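What follows is the residue order along each chain.
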Amino acid sequence: MSSDTVAGKTPSKRKYILLIGVIVIVVAGWSGAWAYGRTVLVDQLDMQFGRFSEQGTEVTCSDLTIGGYPWRYEIRCDELKSLDLSGSESAVGGLTAVALVYNPWHVIFEAATPAAVSVPLAGVSGELSWETARASARYSTEALGKVDVVVTKPALRVQNPAAEARVVSEKAEFHLRPSPETTGAVDGFFSIDGLMVEQLPSLTTPVDARMHLQVLNGAPLLSGADLRSLVLANGGELPVRLVLAEVALGASRFGGRGDLTVNGAGALSGTLTLTLVQPGDMLSSIRPLFPPNSNEFSIVESLLSSLQPTGTDHHGDPAIEIPLLIDNGLMRMGFVTLGRIPPLFQAGS
């Protein structure tokens, strides 16, 4: 009889006990690592809320919970609110963020409808609802790397003391990432499909819009830098390239491209080339917005009808080209002043 048998433990039993011990050690180690990661995550959230506070925006999250053990981290916030120095408020009904333990640098967000915003100084309030609202964010150890946001069936209701409007669409998307072609630049993409304004039932053709904006030397924005600080760090002028802006209404397309700069006061300057392809559908759609026999509409119609294509748009189609000059926010087309673009931020803010 072997000594193992005498001791009451066969070799198979010893292997079984060893396996159990290894499993216990692995589980304990994994649990400890998950708990440590949770602590780091809490510290990062506190730090991010602190950064918002330093920039003048108080962000609060009610009933914050972190779960998901053992394979992921799941952060739930029943209501996310923000309040800035101007008194503007926003709130989201609920927010969930999920990251896998073995890939914490990729976070998936999902927001619960609706979101509300109030801007007391402008007397404006609004509510945004949706069918689904999801975002994907990829991080590095120092900065945000890539963001993708997709909202289906968004509906925005905006009101002030004088009027109210409700805008709906099929889908809206936003993408932000470091430029793959220009070192140090950041590319932003925005698109909205099937846009309709319910207060304008005569506009029966939905609108599609998209924009590609590139901020040169904009990489610090992905690390949390604010726009004003970035402008000052670039000597008071930050170059911005409008790669593409386009609004499509039926067969008509209205676009723009060009180079701009943002100065220390938040004002835009530069020159854009506007393009207009087949204006007929656009004229037919906006006609009901004017009174019958309107002189204003007749002037617009006559002007556009008299212009001939002088170039092409980004699709390569013949297009009417119109230069637009922007000088410290003031827009001019030839000798005609069209209005002023508000500053992107307040000087000194």
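Preceding this paragraph is the structure being described.
Note that the coordinates shown come from a computational prediction; the quantities given were computed from them, not determined experimentally.

## Overview of the overall build of the protein chain
Along the protein chain, the regular secondary structure elements total 5 helices and 21 strands. Computed over C-alpha atoms, the radius of gyration of the protein chain comes to 28 Å, more than 25% over the 20 Å expected from 2.2 N^0.38 for 349 residues, which places it beyond the range of a compact globule. Dimensions of the protein chain along its principal axes, counting C-alpha atoms only, are 110 × 45 × 45 Å. Residue burial in the protein chain is summarised as follows: out of 349 residues, 28% are buried. When the accessible surface of the protein chain is summed, it comes to about 20,800 Å², and 62% of that surface belongs to carbon and sulfur atoms. When the 25 basic and 35 acidic side-chain charges of the protein chain are each reduced to a single mean position, those positions are 10 Å apart.

## Looking at the nonpolar core
In terms of nonpolar packing, the biggest core is built from 22 residues, with Leu238, Val262, Leu272 and Ile326 touching the most fellow members. Of all elements in the fold, only α3 (227-233), β15 (237-249), β16 (252-263), β17 (268-277), α4 (280-286), α5 (295-306) and β19 (318-327) reach the threshold of two or more residues within this core. Every residue in contact with Ile326, bar those within four places of it in the chain, is listed here: Leu260, Leu268, Ser269, Gly270, Leu272, Met331 and Ile341. Membership of the second largest hydrophobic core comes to 5 residues, among which are Ile66, Ile75, Ala97 and Ala99.

## Structural notes on the side chain of His212
Its place among the elements puts His212 in strand β14 (residues 207-215). Classification of His212 as buried rests on a relative accessible area of 16%. Here Asp187 takes part through its side chain, which lies 3.3 Å from a polar atom of the side chain of His212. Setting aside its immediate chain neighbours within four residues, His212 contacts Asp187, Gly188, Phe189, Arg241, Leu242, Val243 and Leu244.

## Examining the state of the cysteines
Counted by the stated rule, this structure contains 1 disulfide. Paired through a disulfide, Cys61 and Cys77 show a sulfur-sulfur distance of 2.0 Å. One end of the pair, Cys61, is in strand β1 (residues 57-62); the other, Cys77, is in strand β3 (residues 72-77), with 16 residues separating them in the sequence. On the basis of relative accessibility, which here comes to 6%, the residue Cys77 falls in the buried class.

## Comments concerning unusual backbone geometry
Following Tyr69, the chain continues into Pro70 via a peptide bond in cis, with omega recorded as 10 degrees. By the secondary structure assignment, Pro70 is in the loop between β2 (65-67) and β3. In this chain, Thr113 is followed by Pro114 through a cis amide linkage whose omega measures 0 degrees. The backbone of Lys153 shows a phi angle near 55 degrees, a positive value even though the residue is not glycine. Structurally, Lys153 can be placed in the loop between β9 (144-152) and β10 (155-159). For Lys153, a relative accessible area of 38% puts it in the partly exposed group.

## Quick word on the pattern of salt bridges
For the structure on display, the rule yields 14 salt bridges. The partner of Arg210 in a salt bridge is Asp193, with the nearest N and O atoms 3.3 Å apart. You can see Arg210 sitting in strand β14 and its partner Asp193 sitting in strand β13 (residues 186-197), a full 17 residues away along the chain. For Arg210, a relative accessible area of 32% gives the class partly exposed. In this structure Asp193 comes out as partly exposed when scored by relative accessible area, which is 23%. Notably, a salt bridge pairs Glu321 with Arg257, separated by 3.5 Å at the nearest N-O pair. Taken together, the residues span a long stretch of sequence, with Glu321 in strand β19 and Arg257 in strand β16 at a distance of 64 residues.

## Things to note about the pairing of strand β7 (residues 124-129)
Bridging between strand β6 (residues 103-119) and β7 involves 5 bridges; their strand directions are antiparallel. Bridge pairing in β7 places Ser118 opposite Ser125. Summarising the sheet, β7 and β10 pair through 5 bridges and their orientation is antiparallel. The residue bridging Ser129 from the neighbouring strand is Ala155, located in β10.

Here is what the cut-offs are and how they apply
Residues numbered from 1 in each chain as written. Predicted model: local features only at pLDDT ≥ 70, side-chain atom pairs only at ≥ 80, totals over all residues. Heavy atoms only, no water. Helix = DSSP H or I, 4+ residues; strand = E, 2+ residues; numbered from the N terminus. Rg over C-alpha atoms; globule rule 2.2 N^0.38 Å. Buried < 20%, exposed > 50% of the residue type's maximum accessible area, 1.4 Å probe, protein only. Areas by Shrake-Rupley, 256 points an atom, 1.4 Å probe, with all protein chains shown as cover. Lys, Arg positive; Asp, Glu negative; His and termini not counted. Charge placed at Lys NZ, Arg CZ, Asp CG, Glu CD. Core = buried A, V, L, I, M, F, W, Y, C linked by side-chain atoms within 4.5 Å. Contact = heavy atoms within 4.5 Å. Polar contact = N/O pair within 3.5 Å; in protein donor to acceptor, adjacent residues only side chain to side chain. Disulfide = S-S within 2.5 Å. Salt bridge = Lys/Arg side-chain N within 4 Å of Asp/Glu carboxyl O. Pairing = 2+ DSSP bridges.

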